[in-house]
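# Residue-level structural notes
Read off the chains here:
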Amino acid sequence: MDTRSSLKNIGLKITPKRLAIIDILASELRYLSAEEVWNAMQDRFKQIGLPTVYRNLEDLSQGGLIIKIIHPNRKLYYYFCKNTDHHHHFVCISCRKVQDLEFCGEEQIIKEVEDALKGKVISHLFQVYGLCRECTRANSLAS
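Residues numbered from 1 in each chain as written. Predicted model: local features only at pLDDT ≥ 70, side-chain atom pairs only at ≥ 80, totals over all residues. Heavy atoms only, no water.

### Comments concerning the overall build of the protein
- Across its full length, the protein carries six helices and six strands.
- Listing every helix and strand of the protein by position from the N terminus yields α-α-β-α-α-β-β-β-β-α-β-α.
- Overall, the protein is about 50 × 45 × 25 Å in size when its C-alpha atoms are taken along their principal axes.
- For the protein, the residues scored as buried account for 33% of the 143 residues in total. (Helix = DSSP H or I, 4+ residues; strand = E, 2+ residues; numbered from the N terminus. Buried < 20%, exposed > 50% of the residue type's maximum accessible area, 1.4 Å probe, protein only.)

### Here's the deal with the packing of aromatic side chains
- Under the criterion given, the structure shown has one aromatic pair.
- Ring geometry for Tyr-31 against Tyr-77: centres 4.9 Å apart, planes inclined by 65 degrees, an arrangement best described as edge-to-face. Placement of the pair is Tyr-31 in the loop between helix H2 (16-26) and strand E1 (32-33) and Tyr-77 in strand E3 (residues 76-79), with a sequence separation of 46 residues. Assigned by exposure class, Tyr-31 and Tyr-77 land together as buried.
- Across from the ring centre of Phe-45, 5.9 Å away, lies the NZ or CZ of Lys-17, which sits over that ring. (Phe/Tyr/Trp six-rings, centres within 6.5 Å; stacked < 30°, edge-to-face > 60°. Lys NZ or Arg CZ within 6 Å of the ring centre and 35° of its normal.)

### Quick word on the pattern of salt bridges
- For the structure on display, the rule yields eight salt bridges.
- Among the salt bridges present, the one from Lys-68 reaches Glu-58, with a minimum N-O distance of 2.8 Å. Of this pair, Lys-68 sits in strand E2 (residues 67-70) while Glu-58 sits in helix H4 (residues 50-62), and the two are 10 residues apart along the sequence.
- The class for Lys-68 is partly exposed, based on a relative accessible area of 22%. (Salt bridge = Lys/Arg side-chain N within 4 Å of Asp/Glu carboxyl O.)

### Concerning the nonpolar core
- In this structure, Ile-21, Leu-25, Val-37, Met-41, Leu-57, Leu-60 and Ile-66 are the most contacted members of the largest nonpolar core, which totals 20 residues.
- Elements represented by at least two residues in this core include exactly H2, helix H3 (34-41) and H4.
- Sorting elements by how many residues they give to this core places H2 first, with five residues.
- Ignoring anything within four residues of it in the chain, the contact list for Ile-21 reads Val-37, Met-41, Val-53, Asn-56, Leu-57 and Leu-60.
- Residues Tyr-31, Ile-67, Tyr-79 and Val-98 belong to the second largest nonpolar core, which totals eight residues. (Core = buried A, V, L, I, M, F, W, Y, C linked by side-chain atoms within 4.5 Å. Contact = heavy atoms within 4.5 Å.)

### Quick word on the sheet that holds E1
- Pairing is antiparallel in the open sheet, where three strands are placed in the order E1-E3-E2. Single-partner strands in this sheet number two, and they are E1 and E2.
- Looking at chain direction, E1 and E3 are connected through two bridges and run antiparallel. Bridged to Ser-33 within E3 is Tyr-77. (Pairing = 2+ DSSP bridges.)

Structure representation (structure tokens):
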């Protein structure tokens with residue numbers, strides 16, 4: 001994936017801060033909070049405010065370059081997914097790992113929603129939250 005082209009394609013300027021945010025998220029196998037991204041950026045930028053990080057994360061999320069995760073704890077987290085095909089995610093609420101789900105019942109869901117509500121589905125977001133295999137095993141050993 002060419003990050004610079006992707007930024008251009010969604011109408012965002014190519015800035016060092018945006019490139020750094022994508023680089024930080026792409027180097028992780030788990031999701032990060034805005035504060036964690038901001039802390040990681042402190043090494044690269046002497047003067048960067050948390051609002052700047054939030055604004056850029058939102059722009060990148062709206063453009064589809066990163067994924068926004070609305071955690072059950074009601075905090076927002078962000079994840080860079082290398083898979084550009086249509087898919088969804090399993091989100092481990094313990095270790096924060098994100099795994100691709102190839103399943104999507106989009107056609108069935110759209111039909112049921114549109115039939116029931118007599119409206120038109122424009123898009124959808126499907127994230128499954130739980131414990132990954134390792135966290136499930138660790139929790140069962142602790143019990």
